[in-house]
Amino acid sequence: MAFHRITFNVNGELEQADVPSNMTLLKMLRENLALTGTKNGCAEGECGACTVLMNGEPVNSCLVLAVECDGAEIVTVEGLAHDERLDAVQQTIIDAGGVQCGFCTPGILISARALLDRNPQPSEEDIRIALVGNLCRCTGYVRIIQGVQEAARI
Amino acid sequence: MSIDAHPGLPEFDYIKPTTLKEASDFLIAHAGEARPLMGGTDIFVRMRSGGWNDKYLVDVKCLEGMNDISYDPHKGLSIGAAVNMNRVIASREVQDNYALLLQAASSVASYQLRTRATIVGNICNASPAGDTIGACILLGGVLHVHGNGGIRQEPIKTFFKGPGETLLRTGDIVTSIHFPVPEEGARGVYIKLGRNKASDLSIVGVTVFGYPDVNVPSGYRIRLALASVAPLPLVVDQVEAILTETSIDEDRLMLAAEAAMHACTPIDDVRASARYRKVMTRNLSFNALKVVWKDLKKL
Ligand code: FES
Ligand code: FES
């Protein structure tokens, strides 16, 4: 199987890697770069636990090949905090009690950040629609949504 | 050792040609073991579950013209094959002139999946459940296909041959999809029934598109397409006939909805039983027809 040399940016750091054709972005993040915040829930684009930003837009990293990321800019949950400070939506979701087991949380945070970037004042319906692809089996979503609403307010 | 709880992707070689010709030539030279790769939302799922085992994936997303979207008030809308659904949904021109397409695209899966999913990919997979296919047919969509003999055009209405089967031949690459300017006063709606409110594949999908037409007795031309209730995306011609013959009222709409129910041939599967699908085809067809008819009457 062919290998490909790729250069890309992860959370502001330039990286180079030799990746096999069939390696997913998810696998590269978790196993090569030890960025294990991004989770593998279903590996088929249903659960959203693997959501990361690719060139500013959220994608299911289980359905993106690592080789397709040549030249791309990737942001994972590890890249949301800056200067030891959590991103606003990280803090508000914690404060709202929107985290239980935490497995869905990294994906939720990325989807929520992307929503707030493209629509700083989302309605509750906008938030629900933006999070359709992020399944949570613990919280029942209400507190997650409250957390995102709070982040939009501040 | 991998600690994946899920099977990884089988081995394949990723190929990234720089021209359409190179891509088509490669696909022809490796017939039966190479497949064009767009957003990968379907391919990787099928490769993991063992259904597809291609030796080569040929990434055609970055080839010329594939990422363009343009609108001309006389010629209509042209969407490059690699333009993702979120871009289609965010396009001003689509919002203003092709609301039906926008609505259908918005019903596909989730925001992050639509960052990768494409209208053309949805069509090329020829899944009978494709959410955007009904809109593409009723809006008169035509595919531009690059193949061995150069570029040719394929109307979507006649593009499907079976589940997953289309008129595409080895070496063919769809480069874009084109829509004419919709008829004056056109209205449409897509109603999707899934197991949950959003993100699921459809159990039944009903697309209705209509416009005023002074040349027919009813004064309106209204067409209906169904998803997930036949081996192919299905346009029910009887609906159009019933709704042009004579003036439209609710009984007439119910007659058309019943024609849709009789025309479909659903199966039992994990999402729903055939019987349920049939009944829901009638009910949702009636609802969709009523929405469009009421909208048209307001004109
Ligand atoms: S792991 Fe990617 S969507 Fe579930
Ligand atoms: S907190 Fe457990 S899945 Fe969401």
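Residues numbered from 1 in each chain as written. Chains lettered and ligands numbered in written order. Predicted model: local features only at pLDDT ≥ 70, side-chain atom pairs only at ≥ 80, totals over all residues. Heavy atoms only, no water.

1. Comments concerning the side chain of Asn-134 of chain A
At step 1: Relative to the helices and strands, Asn-134 of chain A is located in the loop between helix H4 (124-130) and helix H5 (142-153).
At step 2: Since its relative accessible area comes to 1%, Asn-134 of chain A is described here as buried.
At step 3: A polar contact is formed between the side chain of Asn-134 of chain A and the backbone oxygen of Gly-107 of chain A, at a distance of 3.2 Å.
At step 4: At 3.0 Å, the side chain of Asn-134 of chain A and the side chain of Gln-112 of chain B are in polar contact.
At step 5: Non-local contacts of Asn-134 of chain A, meaning those with residues more than four positions away in its chain, are made with Cys-47, Gly-48, Thr-51, Gly-107, Ile-108, Ser-111 and Tyr-141 of chain A together with Gln-112 of chain B. (Helix = DSSP H or I, 4+ residues; strand = E, 2+ residues; numbered from the N terminus. Buried < 20%, exposed > 50% of the residue type's maximum accessible area, 1.4 Å probe, protein only. Polar contact = N/O pair within 3.5 Å; in protein donor to acceptor, adjacent residues only side chain to side chain. Contact = heavy atoms within 4.5 Å.)

2. Here's the deal with the interface of chain A and chain B
At step 1: Counting from both sides, the interface comprises 33 residues of chain A and, opposite them, 31 residues of chain B.
At step 2: Both faces combined, the contact of chain A with chain B buries some 2500 Å², and carbon together with sulfur accounts for 54% of it.
At step 3: There are two salt bridges connecting chain A and chain B.
At step 4: Close ionic contact of Lys-61 of chain B with Glu-68 of chain A constitutes a salt bridge, the shortest N to O distance being 2.4 Å.
At step 5: Across the chain A-chain B interface, the total number found is 16 residue pairs in polar contact (both at pLDDT 80 or more).
At step 6: When residues of the side of chain A that touches chain B are traced back to their parent elements, those giving at least two are helix H1 (25-32), strand E4 (57-60), helix H3 (105-118) and H4 of chain A.
At step 7: It is E4 of chain A that provides the largest number of residues to the side of chain A that touches chain B, a total of four residues.
At step 8: Of the residues in the side of chain A that touches chain B, the class split is 13 nonpolar, 13 polar and seven charged. (Buried area = accessible area lost by both parts, 1.4 Å probe. Salt bridge = Lys/Arg side-chain N within 4 Å of Asp/Glu carboxyl O. Nonpolar A, V, L, I, M, F, W, Y, C, P; charged D, E, K, R; others polar.)

3. Notes on the domain arrangement of chain A
Residues and elements named next belong to chain A.
At step 1: When the domains of chain A are assigned, the result is domain 1 (3-79) and domain 2 (88-153).
At step 2: On the side of domain 2, eleven residues touch domain 1, which itself brings 15 residues to the contact.
At step 3: Carbon and sulfur atoms supply 68% of the area that domain 1 and domain 2 bury against each other, a total of about 1000 Å² over both sides.
At step 4: At the boundary of domain 1 with domain 2, the tally comes to zero salt bridges.
At step 5: Counting across the interface, domain 1 meets domain 2 through three residue pairs in polar contact (both at pLDDT 80 or more).
At step 6: In terms of residue count, strand E3 (residues 51-54) provides more of the side of domain 1 that touches domain 2 than any other element does, three residues in total.
At step 7: When its residues are assigned to classes, the side of domain 1 that touches domain 2 shows seven nonpolar, six polar and two charged. (Domains from an automatic or database assignment.)

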